[in-house]
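One-letter residues, chain by chain:
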Amino acid sequence: MSHLSSGRLNVHHMKELAKHELLECLDKCVGSKAIVWDHELVPILGLVADYLVLKEHQVIQMFELRPGRLPAMTAKHVIYLTRTKLSLMDTIGDNMLNEDKKMVSNKEFHIIFVPRRSILCERKLQVLGVYGNFSTISEYGVELLALDSDVLSMEWDNSFTEIYIDNDYTALFHSAKALMTLQTLYGVIPNVFGLGKSAKVVFDLMSKMRKELSSTEPQITPQIDELLLIDRSVDLLTPLMTQTTYEGLLDEIFGISHTTIKVPPEKFVHQNSSTDGQSCDETVEAPTEAKQFHLNSSEELFVKLRDISYKSIGPTLRTSAKTLSQQFDERHTAKTVREIRQFVDKLPALQTARKSQSNHTSLAELIKEVTDEESFYETIHTEQSFVNCEDTDKSNPYIEDCIARVDPLVKILRLICIQCFTNNGLKSKVLEFYKREVLQTYGYQHVLTFNNLEKVGLIRISGGYSHRVYNVLRKTLRLTVRDINEVNPTDIAYVHSGYAPLSVRLAQYLDHPGWRAITDVLKTLPEPTIEETQEIAAGLRKRRNSGASIQTGLLDDQKLIVVFFLGGCTYTEISGLRFLSQKEGFNADFVIVTTNIINGKTFLQSLSGQSLN
Amino acid sequence: WLSRSLNAQNLTQKQSYLQSAYDSYKKARNEFNSSIIDENLRLIKYQIKLEEKFHRQYLNLSLHQTIKQLIIDKEYKLSEELKKEFKVGDRRYWWLKMTILAEMSEFLELEKF
């Protein structure tokens, strides 16, 4: 996992801390252990520790949490690792009640709640009559998981829905907690900026927590210069737009969860039998099983590919294939023993490089199948005309056709929401027309979907105070860029083929020329705006070009900004921020923190609460 | 909140839930939603009639799917009737009818348009 420590901020500490805490929880019970997993936690905690580490701590068996009897166990302790969900408590209760009395008596049962124990869940266990069976109940408060060297996520699904539909601020509380952890590791962040209601909530919580700590504050030179809290409701448009970066498209098409992607295996099996003559035996798998990949920056090729537009995937793959085969050809030119030895030393690295080359080529082929379809082009085209404010005030023929064709409802809702946003609300006639069409085609139960979308403001009737907001935003923040060069991008707008994510643009303006210059625009966004400083003991203040520069070397002029998305962020936003920090004349690096990673599909899916297929 | 009971299992129960949802939307002056729910109620009544007539499952289908099924069963008149009753847009209706007819290679019927 060395790739985690390669970024500006050594995220590896974060992971080590999480691992350490997990093991501490486990070590409380002495002797052999069996873990019963809540299955959604498996991939999440997979980011923290692998099986080998657990084995060292005397974990001998692992099971998935299922109703009914527990499988036979030899371990002395049985540990439930579970999220705080009432339905899961039922399952646990079911487990316990089906267990023999004898069995129960010679084992010890424990529950570890992730991330926090809740009275409600404990009460539920009491009601079920199994509370007394557990000898300890504890919590494992993991907050931030390192997805990559510059991306930290709480992996908290549906956070936006919880905050805005259910008015449940738990996610915000944990965000504040997470920031406190971040500050204990990397020092207090001097400047805080924020946009939106939840940003304010989080900042207030943070300040409160800080007061409680006051005397025990860690004495570390701050490594992070600025914190930017962005409430998802400030920028609802970006997640709806189709992502056109490599990683974004992979997420749109197959879904990336916890840095792992599952793709249909046909392509890969087929390709193994017919590759370029050389043996490629290691990846043959049963064709029924979906193929899994881990996507992170430890893979050199993926680092190159992840943030680029789909239009330049082909050329990039071609050049990397060329250099690769050149390197392989070196063995023919190697004459002396020494040269041959050098080549052999490189061999393992070359082989992994070749494997990743072939994997990504297949993935790119899969993507190309989708992007070559006419409907993909038309969708992008329609989105682009919307964000450029063309014909947004009447009902759109492409949307009508999509409904008539009974395309996936998510796609239609996305387009309607984009149109609604860019037109600053739709006329009630247009909106009712859309609604009626959708309800008649997909069923009346989606009245509720529309209700939720209205509740968060994704769909609304035009008029009132908010008119023309989008047009102002578009002009002053240059959200749309004409004739964008997607192969050699010059602006972040390439990530959506011509539309620049509002949230990223705001981050860009924060650095230069500063938010003071765009106060008019900020006023049109959901209030409030925060601009605060957190006081730090004078001795700890970071001096430019001094102490810190020894560690960070040449990069010391670059500010380090943490951008925290409350309610989720997309891969394109991450790509956009990465692009900014590499851009000439822009002197800041970003670390992205988010409650979870979203795309249009998962975003609307969680808002609707129903299946949208 | 009454419309949450949309996923009630029992049919009569479902209808009564919908009725009360309709009433409360009416009270709240949310005309659009009340008209939508009214439509839904009427659709269910239609579907019950259709089920009696053809002994085939129609309930729980959306309006679109209902019309589709009718065209597949060659009940063109009935599908026209539904179209009128629920004011389905021409564009959508033709699209639907054409694709299905083409799929079933009912070219004679297609030419009649």
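Reading the values: the criteria
Residues numbered from 1 in each chain as written. Chains lettered and ligands numbered in written order. Predicted model: local features only at pLDDT ≥ 70, side-chain atom pairs only at ≥ 80, totals over all residues. Heavy atoms only, no water. Helix = DSSP H or I, 4+ residues; strand = E, 2+ residues; numbered from the N terminus. Contact = heavy atoms within 4.5 Å. Areas by Shrake-Rupley, 256 points an atom, 1.4 Å probe, with all protein chains shown as cover. Buried < 20%, exposed > 50% of the residue type's maximum accessible area, 1.4 Å probe, protein only. Axes fitted to C-alpha atoms, helices over the stretch in contact; angles between N-to-C directions. Parallel < 35°, antiparallel > 145°, perpendicular 65-115°, else oblique. Left-handed = near helix turned anticlockwise from the far one by under 90°. Nonpolar A, V, L, I, M, F, W, Y, C, P; charged D, E, K, R; others polar. Domains from an automatic or database assignment. Salt bridge = Lys/Arg side-chain N within 4 Å of Asp/Glu carboxyl O. Polar contact = N/O pair within 3.5 Å; in protein donor to acceptor, adjacent residues only side chain to side chain. Phe/Tyr/Trp six-rings, centres within 6.5 Å; stacked < 30°, edge-to-face > 60°. Core = buried A, V, L, I, M, F, W, Y, C linked by side-chain atoms within 4.5 Å. Pairing = 2+ DSSP bridges. pLDDT = per-residue confidence, 0-100.

Under an unreviewed UniProt entry, the name given to chain A is Vacuolar protein sorting-associated protein 33A, and the source organism is Oppiella nova.

Enquirer: Residue-level account of the overall build of chain B, with values.
Expert: Summing up its helical and strand segments, chain B has six helices and zero strands in all. Of the regular secondary structure in chain B, the N- to C-terminal order runs α-α-α-α-α-α. Restricting to contacts in chain B with at least 6 residues of sequence separation, those with at least 24 account for 36%. If you sum the accessible surface of chain B, you get close to 7,000 Å²; carbon and sulfur atoms cover 50% of it.

Enquirer: So what's going on with the overall build of chain A? Which residues, and what values?
Expert: Secondary structure assignment for chain A yields 25 helices and 15 strands. Across the 613 residues in chain A, those meeting the buried criterion constitute 56%. Taking the contacts inside chain A whose residues are at least 6 apart along the sequence as the reference set, 79% of them involve residues at least 24 apart. With the model as given, the accessible surface of chain A reaches about 27,300 Å², and the carbon-plus-sulfur share is 53%.

Enquirer: Can you lay out the packing of helix H15 (residues 374-387) of chain A against helix H17 (residues 409-422) of chain A for me, pointing to particular residues and giving the numbers?
Expert: For any two helices packed against each other, one specifies the crossing angle of their axes together with the interaxial distance. Residue and element names in this part refer to chain A. Running from amino to carboxyl end, H15 crosses H17 at an angle of 15 degrees, the nearest separation of the two axes being 9 Å. The angle between the axes of H15 and H17 places the two elements in the roughly parallel class. At the point where H15 passes H17, the crossing takes the left-handed sense. Residues Ser375, Thr379, Thr382, Glu383, Phe386 and Val387 of H15 pack against Lys411, Leu415, Ile418, Gln419 and Thr422 of H17. In terms of residue class, the contact of H15 with H17 is made up of four nonpolar, five polar and two charged.

Enquirer: Could you give me a rundown of the domain arrangement of chain A, with the residues and numbers involved?
Expert: Residues and elements named next belong to chain A. One can read the domain layout of chain A as domain 1 (2-142), domain 2 (146-238 + 501-604), domain 3 (246-371) and domain 4 (379-469). Listed by partner, the interface residues are four residues for domain 1 and five residues for domain 3. In this assembly, domain 1 and domain 3 are joined by zero salt bridges. For the side of domain 1 that touches domain 3, the per-class residue count stands at three nonpolar, one polar and no charged.

Enquirer: I'd love a proper account of helix H16 (residues 397-404) of chain A, names of residues and values included.
Expert: Residue and element names in this part refer to chain A. Across the eight residues of H16, seven count as buried, placing the element largely inside the fold. When H16 is considered as a whole, its buried residues turn out to be Tyr398, Ile399, Glu400, Asp401, Cys402, Ile403 and Ala404. A side-chain oxygen of the first residue of H16 lies 2.7 Å from the backbone nitrogen of Tyr398; this N-cap is Asn396. Phi for Val406, located one or two positions after H16, is positive at around 50 degrees.

Enquirer: So what's going on with the pattern of salt bridges? Residues and values would help.
Expert: All names here are of chain A. Under the counting rule described, the total for this entry stands at eleven salt bridges over all chains. The partner of Asp150 in a salt bridge is Arg578, with the nearest N and O atoms 2.9 Å apart. Here Asp150, found in the loop between strand S6 (145-148) and strand S7 (151-153), pairs with Arg578, found in helix H24 (residues 571-582); they are 428 residues apart in sequence, far enough to count as distant. A salt bridge links Lys435 to Glu454; its shortest N-O distance comes to 2.8 Å. With a gap of 19 residues between them, Lys435 in helix H18 (residues 428-442) and Glu454 in helix H19 (residues 447-455) connect regions that are remote in the sequence. On the basis of relative accessible area, Lys435 is assigned to the buried category, the value being 8%. Glu454 gets classed as partly exposed once you look at its relative accessible area, which sits at 32%. In this structure, a network of salt bridges that share partners links the residues Asp150, Asp307 and Arg578.

Enquirer: Explain the packing of aromatic side chains residue by residue, including any values.
Expert: Residues and elements named next belong to chain A. Taken as a whole and judged by the stated rule, the model has six aromatic pairs over all chains. Ring centres 5.6 Å apart and planes at 85 degrees place the aromatic pair Tyr310 and Phe376 in the edge-to-face group. Within this pair, whereas Tyr310 is found in the loop between helix H12 (300-306) and helix H13 (313-333), its partner Phe376 is found in helix H15, the two being separated by 66 residues in sequence. For the pair formed by Tyr310 and Phe376, the shared burial category is buried.

Enquirer: If you had to explain the nonpolar core to someone new, which residues and values would you point to?
Expert: All names here are of chain A. The biggest cluster of nonpolar side chains holds 173 residues, and the ones touching the most others in it are Tyr140, Leu229 and Leu458. Considering every element that reaches this core, the biggest residue donor is H17, with ten residues. The residues touching Leu458, leaving out its near neighbours within four places in the chain, are Leu236, Leu240, Cys417, Cys420, Leu453, Phe603, Leu604 and Leu607. Formed by 16 residues, the second largest nonpolar core is a distinct cluster that contains Val36, Tyr80, Phe109 and Val130.

Enquirer: Break down the pairing of strand S3 (residues 77-83) of chain A for me, citing the residues and quoting the values.
Expert: Residue and element names in this part refer to chain A. Most of S3 sits inside the fold, with seven of its seven residues counted as buried. Covered by surrounding structure in S3 are His77, Ile79, Leu81 and Arg83 together with Val78, Tyr80 and Thr82, the residues of both alternating faces. The pairing of S3 with strand S4 (residues 108-114) spans seven bridges and is classified as parallel. By the bridge assignment, His77 is partnered in S4 with Glu108.

Enquirer: Describe the environment of Ser575(A), naming the residues involved and giving the relevant values.
Expert: All names here are of chain A. Locating Ser575 in the fold gives a position in helix H24. Taking the relative accessible area as the measure of exposure, Ser575 reaches 1% and is therefore buried. Along the sequence, Ser575 and Val303 sit 272 residues apart, while their C-alpha atoms lie 11 Å from each other. Ignoring sequence-local partners within four residues, the contact set of Ser575 consists of Thr245, Arg306, Asp307, Tyr494 and Val495. Side-chain polar atoms of Ser575 contact the side chain of Asp307, separated by 2.8 Å.

Enquirer: Mind laying out the confidence of the model for chain A, listing which residues take part and the relevant values?
Expert: Residue and element names in this part refer to chain A. Counting all residues, the mean pLDDT for chain A is 76, and 85% of those residues have values of 70 or more. Segment residues 270-288 is flagged for pLDDT under 50; beyond a separation of four residues in sequence, or across chains, it makes 16 contacts in the model. Between residues 542-556, whose pLDDT stays under 50, and residues either more than four places distant or in other chains, the model counts 15 contacts.

Enquirer: Now, about the side chain of Thr161(A): what can you tell me, with residues and values included?
Expert: Looking at where Thr161(A) falls in the secondary structure, it is placed in helix H7 (residues 159-164). The residues touching Thr161(A), leaving out its near neighbours within four places in the chain, are Asp166(A), Ser606(A) and Leu607(A).

Enquirer: Go over the sheet that holds strand S12 (residues 291-294) of chain A, please, and point to the residues and values.
Expert: All names here are of chain A. Strand order in the open sheet formed by three strands is S10-S11-S12, with antiparallel pairing between adjacent strands. With partners counted over all chains shown, the strands left at the sheet margins are strand S10 (256-257) and S12, one partner each. Direction of pairing for S10 relative to strand S11 (residues 260-263): antiparallel, over a ladder of two bridges. Looking at the pairing, Ile256 lines up with Ile261 of S11.

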